[in-house]
Structure formats: structure tokens, C-alpha cells
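The lines below spell out each chain.
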Amino acid sequence: MRIQLAALAAVMSVALLVPFGAQGSSHVQYGVQDDAWLLYGPEAPAKRIEILQQLGVDIVRLTLRWDAVAQSVPTDARNPSDPAYHWDLYDPVLQRLHAAHIGVLISLWGTPPWANEGQQPNFMPNDATSLASFAYAASTKYPWITRWTVWNEPNVRLFLIPNSPSLYVSRLLNPAYRGLKSANPRNLVAGGVTSPRKTPSGVSPIAWIRGMGTAHALLDAYAQNPYPVRPHETPSSGGCWRCTEITMATLPKLITEVKQRFGTQTRIWLTEYGYNSKPPSKWLGVSNTLQARYVSDAALRVYLASHVDLLINFLVRDEPDARKWTSGFLTSRGKVKPSFSAFALPFAEVSRHGVRTSVWGQVRPRSGRQPYRLQQFRDGHWQWVGGTRLTTPGGFLRRVVSVGRGSRLRIWSPRDRRYSGILTIT
């Protein structure tokens, strides 16, 4: 076993040096999750949608709480009009997102007391039919939503008790998968949604993936929350290859495991990711400048990765308590952070050989080809590098420029009238 782990570490170390999926994916989507802000944020509902449009969000992940909707035992559980169902909390925001042509990824979570003998929402239901019926009703209620995940971080007891991969598959994932496919064959369903590492009472994501494989999980995609877990960990370095954790830095390890356990057709969704900014964060924080850089670097890493279709950033707006999450693009008081522009206009270095430097970026607001210009800081001021160019239909750009280490570049979006963050070539 130690020899196998050492060999895997060696292979993965080489993978860090060579861009995997080097051509990139023009189909990858970038989104956000911030349930509290989306449902209860201090801005007017229309303003929240406007902020998402300014960011250029492709998709929003939203937790649809089964226990909040199914407040009593339904008599016709597959019918969304059953009197037991109360969709009032979710209807307005989902309708606004649909009208704004922003995609939605729904995460089903939270067992109602009637389905688990009065236990808390993180306790598994007693049978394998109740969640399946709710999933069918939810898909029927919102037929335009075709991306779903089943539960959140079931490998930790905070979200699922017991946290057993076999019970997760038999009582939650497979029944919900069948229910969602029955409601709409176009539905894509992801399982796993695992946390990046093993907690003292939990299960590691590697063990969870293997346990799901043994239990014959049904899924179109495997979902992972690849947060950094170590100080100084970046989107591409600082992760532990021999450990059973999976972070963005060790993304090739996830790709390998998913291929081995679920086949090469199974896709990968990265459903929560972010860096706390410090200040105000009290733990695992980085500077605002570094947070912005990592937003761009993570976007590039996912673009270059094979089989990865989604990257969801968590949050939009920082939580007021600095001991909690400060990974948003806005401060808790609504001030724009550098990461806001880094999400809307990500810009990162792909490679450098002498003064031949390859850079990558995207103009996210709107759709279709977007005009942009490149600037370099030289002789004490910013100078244009060539004229206006157009991105690909997906808003992506790839340029090779003659600049060396320490050079500073940025892109300008004339339609947005703003610059990307400054990229310093390494």
C-alpha cells in the first residue's frame, strides 16, 4: 500500500508540472453559492440578481431543504401541489434566477422529523422512498432546473448521521437519482458532495468515493468541495498527495479516483470552494490581493482539467462574524473586494519559457464573443499591448506575449468599463 501511494504521489507531482487537459474546456461553468445572501440579503431582490449578472455568474448552487418544504407527511409525495409542501421560501428566488437566464444547481438536504423519527435534519431518513418522492416533486415543480446534487458533505457527521457511504447510496443517492430521472430524463445528478478531508468522527473523501463505488452508486457526476486545508496551500500547490484528503491542489487525485470507481464518462463538479480574506478572517485567511489571485488561478486550473464541468465559489458576501466565512466578493457591509473583479474577469498565467509567456482569461458578464484589450505596466505607466481583440464565444482568451518574470499585465473590458486584477508574471 505504501509503495502504491508513493507511486501515485510521483505521478501526481509530474501532473502539476504539465497542464492537464491542456487544450482547456470551453464548456466549464463558474458559479456561486450563498444561500443566506440569496434568500435574505440586505439588498433588494432585484439588486441581488443584478450583482450576479455583474459577476457574470453562469450558475447558482442553492440548497433546497427538504425539511423546510415538506413540513408534514404528504399524502401524495410525488405531487408538488400536495398541501404538505410549502415552496414559498424558494419560489421567488428561483423564478428570478430563471427570468435572468442564470442556471441553477439544486442541492437536496435536510430530513424532516416525520421521516427520521423526530431526529435533527442531518439524520438519515428511515426508508429509501421518501427522499425519492420529494426529489420527483421538486423536479416537477421546477422543470427548467436540470442539475442536482444529493445531500451536502455526507462524509461528516455535521451533515449526515450515520455517515456511511453504503447507507448514503441505498437510502439517499440511488433513490433520488431514480426519482429525478423519472421526473425528467434530462436531469443530471451528482453524488458525493464530500468535504475535503476526514474529520475526527467522519470519513475521508477517498474512502467515501471507494465506498460509494462498492455500493454501486448511480450518478452522472461526482461532486467535491475542494477547499484548502493547509496553511499556504494554493489552487495548484501545497496539498498532500499521500493523504486521503482531496483539495484543489490535488485535483488530479480526484479525477483518477472518479475514473477508477465510476468510469471515464462520469463528470466532476466542484461544488464549494473559496479562500477567506484576512482581515477580517480569524482562520485560514489570506490577504484580499491573494484571495483575488487564487480566484483566477482556480478558474484556470479547472479550465485545464479533464472531466471537470463546474466550479462553485462560496460566498458572494462575507458573513458578519469574522470567525465564520469571509470568502465572499463583497465585505459584510457590501464593499467590493478585489476578488469581485477577479471572478468577473479572471486572468492568470498558464506558463512561461524565458520571455515567451502564455496567459489566460475570461470576460464573464453577458454571453458570446467579448471585446477586450491587454495592458502592460512599463516605464512607469500602463501601456496597451496591441489593439482590441475578441474572446471565444464562451468569453475565453488565450494569448502569448513577450514578457519576463516580474512583468505586470491586466485586461480591460470596454463593455464593463473595468480592469481585471493585476497579474504579476512569475
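Worth saying up front: this structure is predicted, and the values here are computed from it rather than measured. (Residues numbered from 1 in each chain as written. Predicted model: local features only at pLDDT ≥ 70, side-chain atom pairs only at ≥ 80, totals over all residues. Heavy atoms only, no water.)

Draft legend 1. Representation of the nonpolar core in the model. In terms of nonpolar packing, the biggest core is built from 92 residues, with Leu52, Leu94, Leu97, Tyr168 and Met212 touching the most fellow members. When residues in this core are grouped by element, the largest group, nine residues, is from helix H10 (residues 288-304). Beyond its immediate sequence surroundings of up to four residues, Met212 is in contact with Pro165, Tyr168, Val169, Leu173, Gly191, Gly192, Ala217, Leu219, Tyr222 and Phe262. Among the nonpolar cores identified, the runner-up in size contains 14 residues, and Val359, Leu374, Ile411 and Leu423 belong to it. (Core = buried A, V, L, I, M, F, W, Y, C linked by side-chain atoms within 4.5 Å. Buried < 20%, exposed > 50% of the residue type's maximum accessible area, 1.4 Å probe, protein only. Helix = DSSP H or I, 4+ residues; strand = E, 2+ residues; numbered from the N terminus. Contact = heavy atoms within 4.5 Å.)

Draft legend 2. Layout of the state of the cysteines. Applying the stated rule across the entire model yields one disulfide. One disulfide in the model links Cys240 with Cys243; its S-S distance is 2.0 Å. Since a negative S-S torsion denotes a left-handed disulfide, the Cys240-Cys243 link at about 75° is right-handed. (Disulfide = S-S within 2.5 Å.)

Draft legend 3. Looking closely at the pattern of salt bridges. Counting across every chain of the model gives 14 salt bridges. Of the charged contacts in the structure, one is a salt bridge between Arg317 and Glu43, with a shortest N-O distance of 2.6 Å. Here Arg317, found in the loop between strand E10 (308-314) and helix H11 (338-344), pairs with Glu43, found in the loop between helix H2 (35-40) and helix H3 (45-55); they are 274 residues apart in sequence, far enough to count as distant. The two residues Arg317 and Glu43 agree in class, both being buried. Ionic pairing is found between Glu257 and Arg210, a salt bridge with its closest N-O pair at 2.6 Å. With Glu257 in helix H9 (residues 251-262) and Arg210 in helix H8 (residues 205-214), this residue pair connects regions lying 47 residues apart in the sequence. Judged by its relative accessible area of 4%, Glu257 is buried. For Arg210, a relative accessible area of 31% translates into the label partly exposed. When salt bridges with common partners are traced through the structure, they connect Arg210, Glu257 and Arg261 into a single cluster. (Salt bridge = Lys/Arg side-chain N within 4 Å of Asp/Glu carboxyl O.)

Draft legend 4. Representation of the confidence of the model for the protein chain in the model. Taken over all residues, the pLDDT of the protein chain has a mean of 93, while the share at 70 or more is 94%. Note on residues 1-22: pLDDT is under 50 here. Beyond four places in sequence and across chains, it has 26 contacts. (pLDDT = per-residue confidence, 0-100.)

Draft legend 5. Seen up close, the sheet that holds strand E11 (residues 347-353). On the basis of which strands lie adjacent, the open sheet formed by three strands has the order E11-E12-E15 and antiparallel pairing. The open sheet has two edge strands, E11 and strand E15 (396-402), and neither has a second partner. Strand-to-strand twist in this sheet, taken as the mean axis angle between neighbours without regard to direction, amounts to 20°. In terms of strand pairing, E11 meets strand E12 (residues 356-362) through six bridges, oriented antiparallel. Looking at E12, one finds that Arg352 is bridged to Thr357. Across the face of the sheet, H10 comes into contact with E11, E12 and E15 while running at roughly 70° to E11. (Pairing = 2+ DSSP bridges. Axes fitted to C-alpha atoms, helices over the stretch in contact; angles between N-to-C directions.)

Draft legend 6. Geometry of the environment of Ser204. Structurally, Ser204 is set in the loop between strand E5 (188-194) and H8. Classification of Ser204 by relative accessible area gives buried; the value is 6%. In the structure, Ser204 is positioned 33 residues away from Ser237 in sequence and 20 Å away in space, judged by C-alpha atoms. The residues touching Ser204, leaving out its near neighbours within four places in the chain, are Asn155, Lys198 and Thr244. Reaching out from Ser204, the side chain makes a polar contact with the backbone nitrogen of Ala207 at a distance of 3.1 Å. (Polar contact = N/O pair within 3.5 Å; in protein donor to acceptor, adjacent residues only side chain to side chain.)

Draft legend 7. Spatial organisation of the sheet that holds strand E4 (residues 147-150). If you walk around this closed barrel you meet the eight strands as E1-E2-E3-E4-E5-E6-E7-E10, and the pairing is parallel. With direction set aside, neighbouring strand axes in the sheet form an average angle of 25°. Examined bridge by bridge, E4 and E5 share three bridges and lie parallel to one another. For Thr149, the partnering residue across the bridge sits in E5 and is Ala190. Sheet strands touched by H9: strand E6 (221-224), strand E7 (267-273) and E10. Its angle to E7, the strand with the most contacts, is close to 140°.

Draft legend 8. Structural view of the packing of helix H7 (residues 165-183) against H8. H8 packs onto H7 with a crossing angle of 55° between their chain directions and a minimal axis gap of 8 Å. The pairing of H7 with H8 is recorded here as oblique in orientation. Read as a crossing pair, H7 and H8 show a hand that is right-handed. Taking contact as the criterion, the partners of Pro165, Tyr168, Val169 and Leu173 in H7 are, on H8, Trp208, Gly211 and Met212. Class assignment of the residues belonging to the contact of H7 with H8 gives a composition of six nonpolar, one polar and no charged. (Parallel < 35°, antiparallel > 145°, perpendicular 65-115°, else oblique. Left-handed = near helix turned anticlockwise from the far one by under 90°. Nonpolar A, V, L, I, M, F, W, Y, C, P; charged D, E, K, R; others polar.)

Draft legend 9. Region of the structure containing the side chain of Arg364. By the element assignment, Arg364 lies in the loop between E12 and strand E13 (371-378). No salt bridge is formed by the buried Arg364. Its closest oppositely charged neighbour is Asp58, at 5.5 Å. At 2.7 Å, the side chain of Arg364 and the backbone oxygen of Phe343 are in polar contact. A polar side-chain atom of Arg364 sits 2.8 Å from a polar atom in the side chain of Gln362. If sequence neighbours within four positions are ignored, Arg364 has contacts with Tyr30, Leu55, Gly56, Ala299, Phe343, Ala344 and Pro346. (Lys, Arg positive; Asp, Glu negative; His and termini not counted.)

Draft legend 10. Structural detail: the environment of Ser332. Examined against the element boundaries, Ser332 turns out to sit in the loop between E10 and H11. Remark: the alpha-carbon pair of Ser332 and Pro280, spanning 52 residues in sequence, is separated by 9.9 Å. Residues in contact with Ser332, not counting those within four places in the same chain, are Arg317, Asp318, Glu319 and Pro320.

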